[in-house]
Amino acid sequence: QSVLTQPSSVSGAPGQRVTISCTGSGSNIGAGYDVHWYQQLPGTAPKLLIFGNTDRPSGVPDRFSGSKSGTSASLAITGLQTEDEADYYCQSYDSLSGSVFGGGTKLTVL
Amino acid sequence: QVQLQESGPGLVRPSETLSLTCSVSGGSISHSYWNWIRQPAGKRLEWIGRLYGSGTTNYNPSLKSRVTMSLDTSKNQLSLRLTSVTAADTAVYYCATDAGFSSSWFVSWGQGTLVTVSS
C-alpha cells in the first residue's frame, strides 16, 4: 500500500519555527494530488489544519502554513506555542490506494 | 457543521464481524460523502472506504474483500461491517465527511470508538 513518509518527531522552543515534511511518490503527491494536514491532540480526533496544499480553514491561525513541490509537501509552524504540541499527519490521494496518510510527526515544544 | 458520533461493541472476537454505526446530526446523509478511517494505537491513520448518499462505494484495496459500508437514511446513520477480524483490526474507528471529491480532505470527524479484537 502506498504511503506518505514523515519524520517521526520534530521539536522547537517557543517562538521558533519548525517544518514537517511529507514525502510521497508518483502515484500520489507527484501525480498532482493535493496534500492536506491534520493536528491530533492526545485522545482526540484529527482536526483539519491545511487543505488543498496551502489553504487554512477558518479559525486556524496563520502561524500554520503549507506548501507542496514535486513529490513532497511541508507544514510550517511559526511562533511556536506550547499548545501546538501534538501529532501532525499529512494526507493525500493515491491512484492505487485511495486516500493515504503519513505516519505522523510528534511535535514537542521544548 | 455536521456532527458525527460512532458507536458499537468495544470488543469483537477473532474471526467474527465488526459492526459500527455512525449517527449524523446537522445534515442529511443522502447528499454527502462519508468515510470510515481507523487508527491502531501509535500507528498511522488508515482510510477504510467512502460512501455517497446514492450508495456508491469505494474501498481501500487492502480491505476491500472484508468491508461493507451502507446508509440508513431513515435513521440518518451510516454503518461499517468488517468481516473475519484479527488482532490487526484493533483500532480507534472514525467516521468522517469529506469535501465531495475523491482526493479531498476530511472536513468533520466523529470522536472515534475503540474496537479491540480479542478472545
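Our subject is the structure that appears above.
How each quantity is defined
- Residues numbered from 1 in each chain as written.
- Chains lettered and ligands numbered in written order.
- Predicted model: local features only at pLDDT ≥ 70, side-chain atom pairs only at ≥ 80, totals over all residues.
- Heavy atoms only, no water.
- Contact = heavy atoms within 4.5 Å.
- Buried area = accessible area lost by both parts, 1.4 Å probe.
- Salt bridge = Lys/Arg side-chain N within 4 Å of Asp/Glu carboxyl O.
- Polar contact = N/O pair within 3.5 Å; in protein donor to acceptor, adjacent residues only side chain to side chain.
- Nonpolar A, V, L, I, M, F, W, Y, C, P; charged D, E, K, R; others polar.
- Core = buried A, V, L, I, M, F, W, Y, C linked by side-chain atoms within 4.5 Å.
- Buried < 20%, exposed > 50% of the residue type's maximum accessible area, 1.4 Å probe, protein only.
- Helix = DSSP H or I, 4+ residues; strand = E, 2+ residues; numbered from the N terminus.
- Phe/Tyr/Trp six-rings, centres within 6.5 Å; stacked < 30°, edge-to-face > 60°.

Structural notes on the interface of chain A and chain B
On the chain B side, the residues contacting the 23 residues of chain A number 18 residues. Note on chain A versus chain B: buried area summed over both sides is about 1700 Å², and carbon and sulfur give 60% of it. There are zero salt bridges connecting chain A and chain B. Here chain A is connected to chain B by eight residue pairs in polar contact (both at pLDDT 80 or more). Here the side of chain A that touches chain B is composed, by residue class, of twelve nonpolar, eleven polar and no charged.

Considering the nonpolar core
Leu 18, Val 24, Trp 36, Val 67, Leu 80 and Tyr 93 of chain B are the most contacted members of the largest nonpolar core, which has 25 residues in total. Those elements that place two or more of their residues in this core are strand S3 (18–25), strand S4 (33–39), strand S5 (46–52), strand S7 (67–72), strand S8 (77–82), strand S9 (91–98) and strand S11 (113–117) of chain B. Sort the elements by how many residues they give to this core and S3 of chain B lands first, with four residues. Those residues in contact with Val 67 of chain B that lie beyond four places of it in its chain are Ile 48, Tyr 59, Leu 80, Arg 81 and Leu 82 of chain B. Formed by 22 residues, the second largest nonpolar core is a distinct cluster that contains Val 18, Ile 77, Tyr 88 and Val 109 of chain A.

As for the packing of aromatic side chains
Under the criterion given, the structure shown has nine aromatic pairs over all chains. Residues Tyr 33 of chain A and Tyr 93 of chain A carry aromatic rings whose centres are separated by 4.9 Å and whose planes lie at 65° to one another, so their mutual orientation is edge-to-face. Of the two residues, Tyr 33 of chain A is situated in the loop between strand S2 (18–23) and strand S3 (36–40) and Tyr 93 of chain A in strand S7 (residues 86–94); the sequence distance between them amounts to 60 residues. What makes Tyr 33 of chain A partly exposed here is its relative accessible area of 25%. With a centroid separation of 4.5 Å and an interplanar angle of 35°, the aromatic rings of Phe 51 of chain A and Trp 105 of chain B are classed as tilted. In this pair, Phe 51 of chain A is assigned in the loop between strand S4 (47–50) and strand S5 (64–69) and Trp 105 of chain B in the loop between S9 and strand S10 (106–109), connecting two distinct chains. The two residues Phe 51 of chain A and Trp 105 of chain B agree in class, both being buried.

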